[in-house]
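Coordinate analysis (summary)
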Amino acid sequence: MSADDNDHEDLKPSSTPGYNPSPAKSPSEYAKLDENDESLARWKRSLGLTAASSENASGPKVTVLALELVSSTLPAGKTISLDLSEPTKVAAETKKNPVVIKEGVEYNVRIRFRVNHSIISGVRYIQVVKRAGVKVDKMEQMLGSYGPSPNSEPYVKNFEPEESPSGMIARSGTYNVKSRVVDDDGEVYADWEWQFKLAKEW
């Protein structure tokens, strides 16, 4: 099996036995369901779902805007954010200047994204980390289900904290990360690569 085949398998979302996603509906179809249920109607309006929702939505359902690393140990004023408007640029820039993560500290990954149209459900963030071509970590986190972003404001999802490895061996070399945002149907909304290294300080 080639490295590309391994990556494809690693980036597939895990499945729940017996679960079959229901057929996709447009926002206006969702808006028309249970029209007489006032509490449900209020909830749907809060998601931006109305009977007038566009049937002819075009372009990507989801735009992933940024990946951020957040930690209470970051120096005051320092932020780590990857602008994902140009994923190939992120790959090139972090290959030349990898993101620096302090060893042995708690941090979490944060994703900023916008739902442009439709309802998305069972959306996950998957991240596979390799060093020298060998997989050393895989993270799969649920983003959840969302309607179109109200007023085009981005959604922000903070994932569970994790601790960065520490020690001389962990600090040697650069780590290559493949990231993907995908739903239960296997529809891929975003794919990008980036690199990081561990150091004694941020």
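For the structure given in this document, a descriptive report is provided here.

What counts as what
Residues numbered from 1 in each chain as written. Predicted model: local features only at pLDDT ≥ 70, side-chain atom pairs only at ≥ 80, totals over all residues. Heavy atoms only, no water. Helix = DSSP H or I, 4+ residues; strand = E, 2+ residues; numbered from the N terminus. Buried < 20%, exposed > 50% of the residue type's maximum accessible area, 1.4 Å probe, protein only. Contact = heavy atoms within 4.5 Å. Areas by Shrake-Rupley, 256 points an atom, 1.4 Å probe, with all protein chains shown as cover. Salt bridge = Lys/Arg side-chain N within 4 Å of Asp/Glu carboxyl O. Pairing = 2+ DSSP bridges. Phe/Tyr/Trp six-rings, centres within 6.5 Å; stacked < 30°, edge-to-face > 60°.

1. Section: the overall build of the chain
- In terms of helices and strands, the chain carries 5 helices and 10 strands.
- Within the chain, the proportion of its 202 residues that are buried is 38%.
- Considering only contacts within the chain whose residues lie at least 6 apart along the sequence, 68% involve residues at least 24 apart.
- Split by element, the accessible area of the chain, about 11600 Å² in all, is 48% carbon and sulfur.

2. With respect to the pattern of salt bridges
- Overall, the coordinates contain 8 salt bridges when judged by the stated rule.
- Here glutamate 103 ties to arginine 171 by a salt bridge, and the two come within 3.0 Å at their closest N and O atoms. Remark: arginine 171 occurs in helix H5 (residues 168–171) and glutamate 103 occurs in the loop between strand S3 (99–102) and strand S4 (106–115); sequence separation between them is 68 residues.
- We classify arginine 171 as partly exposed; its relative accessible area is 25%.

3. A short note on the pairing of strand S2 (residues 80–83)
- Only one face of S2 is covered, namely the one carrying Ile80 and Leu82; the face carrying Ser81 and Asp83 has none of its residues buried.
- In terms of strand pairing, strand S1 (residues 62–70) meets S2 through 4 bridges, oriented antiparallel. Looking at the pairing, glutamate 68 lines up with serine 81 of S2.

4. Some details on unusual backbone geometry
- In this structure, asparagine 151 takes a positive phi of about 55° despite not being glycine.
- Of note, asparagine 151 is situated in the loop between strand S6 (134–146) and strand S7 (155–158).
- For asparagine 151, a relative accessible area of 73% translates into the label exposed.
- The phi dihedral of serine 152 falls on the positive side, at around 60°, and the residue is not glycine.
- Its location among the elements puts serine 152 in the loop between S6 and S7.

5. Things to note about the packing of aromatic side chains
- Tallied over the entire structure, the rule returns 7 aromatic pairs.
- Relative to phenylalanine 196, the ring of tyrosine 175 has its centre 4.8 Å away and its plane inclined at 5°; by these criteria the two rings are stacked. Within this pair, whereas tyrosine 175 is found in strand S9 (residues 175–182), its partner phenylalanine 196 is found in strand S10 (residues 188–199), the two being separated by 21 residues in sequence. Per residue, the accessibility class of tyrosine 175 equals that of phenylalanine 196, and both read buried.
- Ring geometry for tryptophan 194 versus phenylalanine 196: centroids 5.9 Å apart, planes at 40°, classification tilted.
- Through a chain of ring-to-ring contacts, the aromatic side chains of Phe113, Tyr146 and Tyr155 assemble into a single cluster.

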